[in-house]
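Read off the chains here:
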Amino acid sequence: MIKLFLHPSQIVTVDTKGKNIKRGTEMNDLSVVTGHSLLIENNLIKDFIPDASVKKIFPDEILDVKDKIILPGFTECHTHTAFAGSRSDEFRQMLRGIHYEEIAKAGGGINTTVNAVRNLSFDELVNICRPRVENFISQGVTTLEIKSGYGLDFENEIKLLKVINYLNTIFKIDIIPTFLGAHTFPKEFKNDHKGYVDLIVEKMLPYIAENNLAEFCDGFCEKTAFSANEIDKIFSKAAGLGLGIKLHTEQFNSIGGIDAALKYNAVSVDHLEVLKQQDLGKLTGSNTVAVLLPGVSFFLNYDYAPARKLIDSNAIVALATDFNPGSSHISGLAFIMSLAALKMNMTVEETISAVTINSAKALNLSEDRGSIEIGKRADLAVFNTNDFSDIVYSIGKNLNYMTIKNGNVIYSEPTRLGGKN
Ligand code: NIG
Ligand code: FE
């Protein structure tokens, strides 16, 4: 099956010349192609056809994308989409000046969501997650990571991972499951941290690896959550079982998470709002991706991660929503790009590199996606504009027109309202 995307205003290739990552000044180079149509064959990018030669091509299907632009499908590399319940009452407490960490210390926060998740069945959780996944797809997301981390006991962590794996079978995009049993200590282990770490290491991780329920093992290295030592014990087991490593770290306090993650060649370290200069240096030239989550800084109204310093020192920087009910109840990836530009001084081009090739790298998937290069998967997002800047400039607006996964159109913008005929 050969398809031609005819006469787009721009093809924003995010070309990496085969390197499959962008660091430093490379993030600013999107290699925008104009005056060409895009040919795909089956599920792969086949060729760029100069407008003058288009008539010589006889595809099975032509998709008219005049006055539109084509980007690589977005990879959303850090979400907690599989949550239940609402934390709007905690949101209201935060608006009155009570800090997110105080709410957590008082037994709320993540544990509020854990209570809600434990009360729901597999089917109920699937039904809650469905529209959230659809929402990501409607934004041009073709690969979506979802973490567990709201079960925090054997039964419920496994239930959440099964929900995430099931979502992957019912949606055409790739949904990547991450095990986040080390999100925080559940109330029954409040005074027995060793007992909970042992449960993760001895029971949860072996079962998850044996049943192939997760690609990655994540954790939260923070004063109110896990120490660097506890994370080390968990990662040692997870890495031995063949899981990739990710870590929430340097969100509020710097307590050794960067070293704990780098020791296991983590694919990413995420958050980094309070990253110290000496730790920043460790990410320079490293293959571990710095996943920045400016939605958290916006939502909790505190410091932004040092995106500029990270990019200027040649770290690989990606962006994600961190969509969750407590610290970033934000599911719009383009809004996150706008925040990154306005609040972290990233260029428009850098924000695009950060949600395509570099976020794919943060899931170990950039070899076959994240840029429009011949031979890569035809995972594409078509936007309703002539200029890619508009995606970041049109704050809070979804400009996505069409989402294409493996060469198939899986979403197109609903018909405009208001027409008389
Ligand atoms: O990435 N930092 C820890 N975990 C999530 C928040 C989860 C929650 O508050 O429910 C985060 O910010
Ligand atoms: Fe997170």
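One can find the structure itself at the top, above this paragraph.
Residues numbered from 1 in each chain as written. Chains lettered and ligands numbered in written order. Predicted model: local features only at pLDDT ≥ 70, side-chain atom pairs only at ≥ 80, totals over all residues. Heavy atoms only, no water.

Colleague: Any chance you could explain the site of ligand 1 here in plain terms?
Modeller: Around ligand 1, the surrounding shell holds 15 residues, and the nearest of these are Tyr100, Tyr150, His183, Asp322 and Ser327. Separating an oxygen atom of ligand 1 from a side-chain N or O atom of Arg87 is a distance of 2.8 Å. At 2.7 Å from an oxygen atom of ligand 1 is found a side-chain nitrogen or oxygen belonging to Asp322. Here ligand 1 loses 100% of its free accessible area of 330 Å² to cover by the protein chains. (Near = heavy atom within 4 Å. Polar contact = N/O pair within 3.5 Å; in protein donor to acceptor, adjacent residues only side chain to side chain. Areas by Shrake-Rupley, 256 points an atom, 1.4 Å probe, with all protein chains shown as cover.)

Colleague: Please explain the nonpolar core as it appears in this structure.
Modeller: In summary, soluble globular proteins display a tendency toward joint burial of nonpolar side chains. With 122 residues, the main nonpolar core has Ile234, Leu272, Leu292, Leu310 and Met346 as its most contacted residues. Counting contributing residues per domain, this core is built from domain 1 (2–72 + 371–412) and domain 2 (75–361), each supplying no fewer than three. Aside from chain neighbours lying at most four places away, what touches Leu310 is Leu272, Leu275, Leu280, Leu283, Ala290, Leu292, Ala315 and Val317. Phe48, Val65, Leu380 and Met402 belong to the second largest nonpolar core, which has 15 residues in total. (Core = buried A, V, L, I, M, F, W, Y, C linked by side-chain atoms within 4.5 Å. Buried < 20%, exposed > 50% of the residue type's maximum accessible area, 1.4 Å probe, protein only. Domains from an automatic or database assignment. Contact = heavy atoms within 4.5 Å.)

Colleague: Would you explain the coordination of the iron ion (ligand 2) in this entry?
Modeller: Perfect tetrahedral coordination of a metal by four donors corresponds to 109.5 degrees between them, and perfect octahedral coordination by six donors corresponds to 90 or 180 degrees. Taken together, His78 (NE2), His80 (NE2), His248 (NE2) and Asp322 (OD) make up the protein donors of the iron ion (ligand 2), found 2.1 to 2.2 Å from the metal. Along the chain, the residues donating to the iron ion (ligand 2) fall in the pattern H-x1-H-x167-H-x73-D. Within this pair, whereas His248 is found in strand β12 (residues 244–249), its partner Asp322 is found in the loop between β15 (316–319) and α12 (333–344), the two being separated by 74 residues in sequence. Pair check on accessibility: His248 and Asp322 agree, each one buried. (Donors = N, O, S within 2.8 Å, 3.2 Å for Na, K, Ca; no water. Helix = DSSP H or I, 4+ residues; strand = E, 2+ residues; numbered from the N terminus.)

Colleague: Sorry, what's going on with the pairing of strand β10 (residues 174–182) here?
Modeller: A regular strand places its side chains on the two faces of the sheet in alternate fashion. Extensive coverage of β10 is indicated by the burial of nine of its nine residues. When strand β9 (residues 141–147) meets β10, the two strands line up parallel, connected through five bridges. By the bridge assignment, Leu144 is partnered in β10 with Ile175. Here β10 runs beside strand β11 (residues 216–221); their pairing, made up of three bridges, is parallel. Following the sheet pairing, Ala182 is matched in β11 by Gly219. The parallel pair β10 and β11, bridged by helix α6 (residues 193–210), forms a crossover whose chirality is right-handed. (Pairing = 2+ DSSP bridges. Right-handed = clockwise from strand over helix to strand, strands pointing away.)

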